[in-house]
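Architecture at a glance
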Amino acid sequence: MRKVAICAPATPLKRKYAEAVLALAAEEFPDIALHFHEQCFVEEGHFAGADAVRLAALLECANDPVFDAVWFAKGGYGSNRVAADFIGQVQPTAREKAFLGYSDMGFLLGALYRAGIGQPIHAPMPVDIKREGGEEAIRRALGWMAGEDAGLEPSLSGRPVTAFNLYTLAMLVGTQFTPSLEGHEVLIEEVGEYEYAIDRLMFHLVEHLHGVAGIRLGEVTAVPENDRPFGANPEEIVRGWCERYGIEYLGRAAIGHTSANRIVPFGLEACGARA
């Protein structure tokens, strides 16, 4: 029996989504035991509890030797606020765990990768059960935890790789949590940003991507309509900044804020440490 702890380092999860994920896992993945920390459902302003509450739950899940993996419940904003204290208080037991999530959880995945703690995994989260076709996203993550490779991003090439939300990665680079991305294929995706904002994020990001193997663009969804056309779509924007900075544009990836979001283990661990 593989045991998975679930916490919410940013924003709260509705209990009905947790119940739906638990039901799916019990029926289809009986060898995986999910434990939703009660902190997932705490609401305090924007966050799933104050910073101290979220940090305590995260450390409890990461440091408890009973659990084989930590699955982040939901994105939103807030994991960066606890990242420093989290990395500073992680115990050796956490180094054997997989940590799964995406979006805002990229702050923690990046910090873990830099520190060499556990196995960071870009993967669907329990909140994705609410999407159209969300059950398939949950099956993909649970399947990977059960030892299946069918949910992996199909473009994985054998070179080291990372996957981030563009906004999250742009805020991460230049901080104490930035992992070395030299020689990596960097997969990025975005949701809910104007095209001009995507351009601005790329302007900042490429200044920090030294020696990467290339950039691959995932889904860019829910792009708002501006009061005037920007003049370039998201792929053209990413291609343009890659050309300016001599970074190879590698094409598209099947990651993003959709139910089709695929799994990307950081580094060279595409078939490595699982729950």
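The coordinates are above.
Now for a look at the structure at hand.

Rules of the game
- Residues numbered from 1 in each chain as written.
- Predicted model: local features only at pLDDT ≥ 70, side-chain atom pairs only at ≥ 80, totals over all residues.
- Heavy atoms only, no water.
- Helix = DSSP H or I, 4+ residues; strand = E, 2+ residues; numbered from the N terminus.
- Rg over C-alpha atoms; globule rule 2.2 N^0.38 Å.
- Contact = heavy atoms within 4.5 Å.
- Areas by Shrake-Rupley, 256 points an atom, 1.4 Å probe, with all protein chains shown as cover.
- Lys, Arg positive; Asp, Glu negative; His and termini not counted.
- Charge placed at Lys NZ, Arg CZ, Asp CG, Glu CD.
- Pairing = 2+ DSSP bridges.
- Axes fitted to C-alpha atoms, helices over the stretch in contact; angles between N-to-C directions.
- Phe/Tyr/Trp six-rings, centres within 6.5 Å; stacked < 30°, edge-to-face > 60°.
- Buried < 20%, exposed > 50% of the residue type's maximum accessible area, 1.4 Å probe, protein only.
- Lys NZ or Arg CZ within 6 Å of the ring centre and 35° of its normal.
- Core = buried A, V, L, I, M, F, W, Y, C linked by side-chain atoms within 4.5 Å.
- Expected span 1.5 Å × (residues − 1).
- Arc of directions from axis to C-beta.

**Section: the overall build of the chain**
When you go through the chain residue by residue, the secondary structure sums to 8 helices and 10 strands. A globule of 275 residues ought to have a C-alpha radius of gyration of about 19 Å, and the chain, at 18 Å, matches this closely. Excluding contacts between residues fewer than 6 apart, the proportion of contacts in the chain whose partners are at least 24 apart in sequence is 81%. Accessible area for the chain stands at about 11,500 Å²; split by element, carbon and sulfur atoms hold 48% of it. Within the chain, the 37 negative side-chain charges are centred at a point lying 1 Å from the centre of the 24 positive side-chain charges.

**A few points about the sheet that holds strand 4 (residues 98-101)**
Where strands meet in a sheet, backbone hydrogen bonds hold them as pairs that are either parallel or antiparallel. Strand order in the open sheet made by the 6 strands is 2-1-3-4-5-10, with mixed pairing throughout. Both outer strands of the open sheet, strand 2 (32-36) and strand 10 (264-265), are each paired with one neighbouring strand and no more. Pairing between strand 4 and strand 5 (residues 119-122): 4 bridges, direction parallel. Paired with Ala-98 across the two strands is Gln-119, which belongs to strand 5. Contacts from helix 1 (residues 15-28) reach strand 2 and strand 3 (69-72), with the element oriented near 170 degrees to strand 2. Helix 2 (residues 51-63) contacts strand 1 (2-7), strand 3 and strand 4 of the sheet and is inclined by roughly 170 degrees relative to strand 1.

**Some details on the packing of aromatic side chains**
If you walk through the whole model with that rule in mind, you get 9 aromatic pairs. Note on Tyr-113 and Phe-266: the rings are 5.4 Å apart at their centroids and 90 degrees apart in plane angle, and the pair reads as edge-to-face. Residue Tyr-113 is located in helix 4 (residues 106-115), and its partner Phe-266 is located in the segment after strand 10; the two are separated by 153 residues in the primary sequence. According to the relative accessible area criterion, Tyr-113 is partly exposed, its value standing at 22%. Here Phe-266 falls in the buried class, since its relative accessible area comes to 1%. An aromatic cluster of at least three residues, connected via ring pairs, comprises Phe-72, Phe-86 and Phe-99. Of note, Arg-15 hangs over the ring of Phe-41, and the distance from its end group to the ring centre comes to 4.1 Å. It is Arg-244 that lies over the ring of Trp-241; its NZ or CZ is 4.3 Å from the centre.

**Points about the nonpolar core**
Nonpolar side chains in soluble globular proteins tend to be buried together. Trp-71, Phe-72, Phe-86, Leu-142, Ile-188 and Met-202 are the most contacted members of the largest nonpolar core, which has 86 residues in total. Element by element, the count of residues in this core is highest for helix 2, at 6 residues. In terms of nonpolar packing, the next biggest core, distinct from the first, is built from 6 residues, Val-161, Leu-187, Ala-253 and Ile-255 among them.

**Points about helix 8 (residues 234-245)**
For helix 8, which comprises 12 residues, the first-to-last C-alpha distance of 17 Å matches the rise-based estimate of 16 Å (1.5 Å per residue) to within 8%. Within the sequence span of helix 8, burial applies to Pro-234, Ile-237, Val-238, Trp-241 and Cys-242. Down the axis of helix 8, the smallest arc covering the buried residues is 130 degrees, so these residues share one side. Along helix 8, exposed side chains directed more than 90 degrees from the buried face belong to Glu-243 and Arg-244. Looking at the buried side of helix 8, the elements it contacts are strand 7 (185-191), helix 7 (195-206), strand 8 (214-221) and strand 9 (249-252). Once helix 8 finishes, Gly-246 follows within two positions and takes phi at roughly 65 degrees, a positive value.

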